[in-house]
Amino acid sequence: MKTYPVYLNGEFVITEKTSVVTNPATGDIFAKMSIVDQARVAQAIHDAQVAFLGWRALTAKARGEWLHKIACELERRRDEISRVMTMECGKPLAQSVIEVNVAVDHLRWFAEEGRRGYGRIIPHQTDGKRNLVVKTPVGVVAAISPWNFPLMLGVRKIAPALAAGCPVILKPASATPLCNVAFAEACDAVKLPRGVFQLVCGSASEIAKEFLDNPLVRKITFTGSTEVGQKLIAGAAKNIKPLSLELGGLAPVLVFDDADLEKAVEGTMMAKFRNTGQSCVAANRIYVQRGIYERFVKLFVEKTKALKVGDGLEPDVQIGALMNEEAVKNTEAYVADAIKKGAKLLCGGKRPARSGYFFEPTVLADVPHDVRCVTEEVFAPLAAITPFDTEAEAIERANSTKYGLSAYAFTRDMSRTFRLMENLEAGIIGINDGVPTTSNAPFGGMKQSGWGRELGTEGLESFLDTKHVSILL
């Protein structure tokens, strides 16, 4: 069984202490991952600070060239990395390939966007003075990424930070570190300067404590649950440490009578079942206007029944394994709770007869508003559908949550589109689009879905300090 290394100050290090990596499609341990203690994380931060002095001095164009080189290396190893990703997180291989491609696109976008970290000259108000705004890198960045998109969501933090001139220390999810080792190998292959990117694995609480307490870490960027985000906020208060937080979601889908039915079903399927429903922007609540409710549900169920479930390495699989046994048990509990409170089970609702952490694609109709699968974030292939009558009712239902990450709507009414854009409380809104995320547009939420934005121009700004310079002539 292979033991994978951490990446520290330009060196791959295999440690005596390790954690295990399990294939969720089989439940079998297939690799070990080296782990480090808090003291070694502190050394990595020190080494990153040393690297910062040289990295920030490079031109943005030069830093961008490094990002392009890393992107080329990921492209060269796409098939290998995709296979490892599928083995460690269970997603269908075709979706792993897409994830590698998106990670490459993030790198290429920020390789160019780094050149546009613009300041400005402010028209002066006092004779003999001039006022300028300059942008400078914040310093050492600590990044914490989740398991559901293990490469892409790490790169989404690394790429803009490196482009801005900041060295990065990445702590990936303990369940899915291996594709991040591949990223470190790509950095090493192109001879990225020592300490500019490092990979650490180990106790989440110990590593987070060092990130929070160490004054050399000038920014923490995190994707994960709202509950962990709250702990980071509390820990950051002591040193007033800046955070970027992409947290939980509870995305609504609104399907109106005037929507193109086929496109609405296809878009909702994509928003719901991509990555086996294990996404912070997954469709969690599906509201369909009563005039097309029965037709929508009928077609949605037909397409759901046709989805192929299996090991992500098998051909044409669309629904892979859930991450662990706990996720399967949680999904069983969601279904039972909904049925008990009056929802109708139209398909799925149980584990398939195979090993691994699988759950059948499931559709519940006439779902009450107070069931757990509507009020809690569901990381599973479970679709909960409820009818509505009016636009005002739909917007009220969509906004009736503490989360505000993403929302989806299907309509051909342009006036309604603008009303939805203005009134839905979500940082990302897809209109007739089940996959709205793109490298060149901001990604993030409002309310308890987080602070700040990734991707787009805003993604670069997250790693730049703004300075006002007043010059007396």
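Up top you'll find the structure we're talking about.
Residues numbered from 1 in each chain as written. Predicted model: local features only at pLDDT ≥ 70, side-chain atom pairs only at ≥ 80, totals over all residues. Heavy atoms only, no water.

Engineer: What's the story with the overall build of the chain in this structure? I'm lost.
Structural biologist: Per the secondary structure count, the chain includes 15 helices and 23 strands. Overall size of the chain, expressed as C-alpha extent along the three principal axes, is 70 × 65 × 40 Å. Expressed as a percentage of contacts within the chain between residues at least 6 apart in sequence, the contacts between residues at least 24 apart total 72%. Of the roughly 19,200 Å² that the chain leaves accessible, carbon and sulfur atoms contribute 53%. Of the side-chain charges in the chain, 57 are positive and 54 negative, and the distance between the mean point of each set is 4 Å. (Helix = DSSP H or I, 4+ residues; strand = E, 2+ residues; numbered from the N terminus. Contact = heavy atoms within 4.5 Å. Areas by Shrake-Rupley, 256 points an atom, 1.4 Å probe, with all protein chains shown as cover. Lys, Arg positive; Asp, Glu negative; His and termini not counted. Charge placed at Lys NZ, Arg CZ, Asp CG, Glu CD.)

Engineer: Can you help me understand empty space enclosed by the protein in this one?
Structural biologist: Which parts of space are left empty comes out when a probe the size of a water molecule is rolled across the atoms. Throughout the structure, instances matching the rule amount to four cavities of 30 Å³ or more. Computed from the structure, the largest cavity encloses a volume of approximately 70 Å³. Pro252, Ala398, Tyr403, Ser406 and Glu425 are the residues nearest the centre of the largest cavity, which is lined by 15 residues in total. When grouped by side-chain class, the residues that make up the lining of the largest cavity number nine nonpolar, four polar and two charged. (1 Å grid on protein atoms, 1.4 Å probe; cavity = no way out; pocket = protein on both sides within 12 Å on 5 of 7 lines; lining within 4 Å. Points joined across faces, edges and corners; volume = space filled by probe spheres on them. Nonpolar A, V, L, I, M, F, W, Y, C, P; charged D, E, K, R; others polar.)

Engineer: Would you mind showing me how to read the side chain of Arg156 here?
Structural biologist: In this fold, Arg156 is placed in helix H5 (residues 152–164). Contact partners of Arg156, with chain neighbours within four places excluded, come to His106, Thr437, Phe443, Glu454 and Leu455.

Engineer: What's the story with the nonpolar core in this structure? I'm lost.
Structural biologist: Buried together is how nonpolar side chains tend to be arranged in soluble globular proteins. Ranked by internal contacts, the top residues of the largest apolar core, which has 113 residues, are Phe183, Phe197, Phe211, Phe296 and Phe300. With eight residues, helix H6 (residues 178–189) is the single largest residue contributor to this core. With sequence-adjacent residues up to four places away left out, Phe211 is seen in contact with Val41, Ile45, Ala142, Ala143, Ile144, Ile169, Lys171, Val200, Val217, Ile220 and Lys241. Tyr287, Ile395, Ala409 and Leu424 belong to the second largest nonpolar core, which has 30 residues in total. (Core = buried A, V, L, I, M, F, W, Y, C linked by side-chain atoms within 4.5 Å. Buried < 20%, exposed > 50% of the residue type's maximum accessible area, 1.4 Å probe, protein only.)

Engineer: Help me out: how do you make sense of the pairing of strand S19 (residues 406–410) in this one?
Structural biologist: When a strand is regular, its side chains alternate between the sheet's two faces. Most of S19 is tucked away: five of the five residues are buried. Residues Ser406, Tyr408 and Phe410 of S19 are buried on one face, and the alternating residues Ala407 and Ala409, pointing to the opposite face, are buried as well. Where strand S13 (residues 251–255) and S19 come together, three bridges link them in parallel fashion. Each bridged residue has a counterpart across the sheet, and for Val253 the counterpart in S19 is Tyr408. Here four bridges tie S19 to strand S20 (residues 428–431), and the two strands are oriented parallel to one another. (Pairing = 2+ DSSP bridges.)

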